[in-house]
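Spelled out from the first residue to the last, the chains are:
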Amino acid sequence: MSAHASPARCFALLPCAGTGSRAGTAQPKQYQPVAGQPMVLHTLAAFTAVRRIERALVVVAPGDGFIQPQDASVLIADCGGATRAESVFNGLHHLLAQGARPSDWVLVHDAARCLVTPAQIEALIDACLTDAVGGLLALPLPDTLKHAGADGRVSATIDRAHKWLAQTPQMFRIGALRDALAAHAATGFAGITDEASAMEAAGHAPLLVPGSARNFKVTYPEDFALAEAVLRSRQP
């Protein structure tokens, strides 16, 4: 960075264009009420509480007008794609069009991880700001891991040493992540399951930053009750 260059800023990007078919809800799961408000608003609140986040961009499906921001730091872009990776890719281009620089950081986070806390976001920023690549919140695998055969029976037990469960946010330079995803755009982002996997495919080694078991992704019907209980426990 030159002596006259501005410090890199941090932006948040929440892909929010999915339907969440496994959740069993009548509407996209991110809009399902949990502890008094749509789940995605709990997620957004955690990011808007972090002063180092310049702006938070929510990428929704074309024509989706569900979210009406009450905070000037929240942007909505209806450029969501057919996959999560495509939504993130489109969102990165939107951030750049809105004045973000390729050298700025972006924290990509699942809208359905509504239990993330400002402290966890701050910890990721602290760990990655001086890192050459960036990284992600993750948890060392706590349980025994089994490999299933085609018949639904265990075919092997896999050594869990050095294995981590990837979470979000995942924090990388906007330009580097855009380029990493662009390399897979022609194949519909096949094999790209998160931002870290795109960076890995580009030859980078993201940093693993310890997260929290409570920062889980609401996926199945029973997850809503647990998320509700945790959020209620945090209320005064």
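Preceding this section is the structure that the text describes.
These lines cover the structure that appears in this document, whether it is placed above or below. Predicted model only: the values in this text are computed from it and were never measured. (Residues numbered from 1 in each chain as written. Predicted model: local features only at pLDDT ≥ 70, side-chain atom pairs only at ≥ 80, totals over all residues. Heavy atoms only, no water.)

## Section: the nonpolar core
In this structure, Leu13, Leu92, Leu95, Val106, Ile174, Leu177 and Leu181 are the most contacted members of the largest nonpolar core, which totals 28 residues. Within the residue set of this core, elements represented by two or more residues are β1 (10-15), β4 (53-59), β5 (74-77), α2 (84-97), β6 (105-108), β7 (134-140), α4 (174-182) and α5 (195-201). By residue number, the principal contributor to this core is α2, which donates six residues. Ala12, Tyr31, Ala56 and Val60 belong to the second-largest nonpolar core, a separate cluster that totals 27 residues. (Core = buried A, V, L, I, M, F, W, Y, C linked by side-chain atoms within 4.5 Å. Buried < 20%, exposed > 50% of the residue type's maximum accessible area, 1.4 Å probe, protein only. Helix = DSSP H or I, 4+ residues; strand = E, 2+ residues; numbered from the N terminus.)

## Examining unusual backbone geometry
Omega for the peptide link from threonine 168 to proline 169 comes to 10°, which places this bond in the cis form. Examined against the element boundaries, proline 169 turns out to sit in strand β10 (residues 164-173). Backbone geometry places alanine 35, a non-glycine residue, at a positive phi of 50°. One can find alanine 35 in the loop between β2 (33-34) and β3 (37-38). Taking relative accessible area as the criterion, alanine 35 reaches 6% and is therefore assigned buried. Phi is positive for histidine 162, close to 65°, though the residue is something other than glycine. Locating histidine 162 in the fold gives a position in the loop between β9 (154-158) and β10. For histidine 162, a relative accessible area of 79% gives the class exposed.

## Some points on α2
Note: α-helices contain 3.6 residues per turn, so residues at a spacing of three or four share the same orientation. The end-to-end C-alpha distance of α2 is 20 Å, a good match for the 20 Å that 14 residues give at a rise of 1.5 Å each. Looking at the buried positions of α2, the neighbouring elements they touch are β1, β4, β6, α4 and α5. Just beyond α2, the residue with positive phi is glycine 99, at close to 110°. (Expected span 1.5 Å × (residues − 1). Contact = heavy atoms within 4.5 Å.)

## Examining helix α1 (residues 39-48)
The element α1 is extensively covered by neighbouring structure, given that seven of its 10 residues are classed as buried. All of the buried residues along α1 are Met39, Val40, His42, Thr43, Leu44, Ala46 and Phe47.

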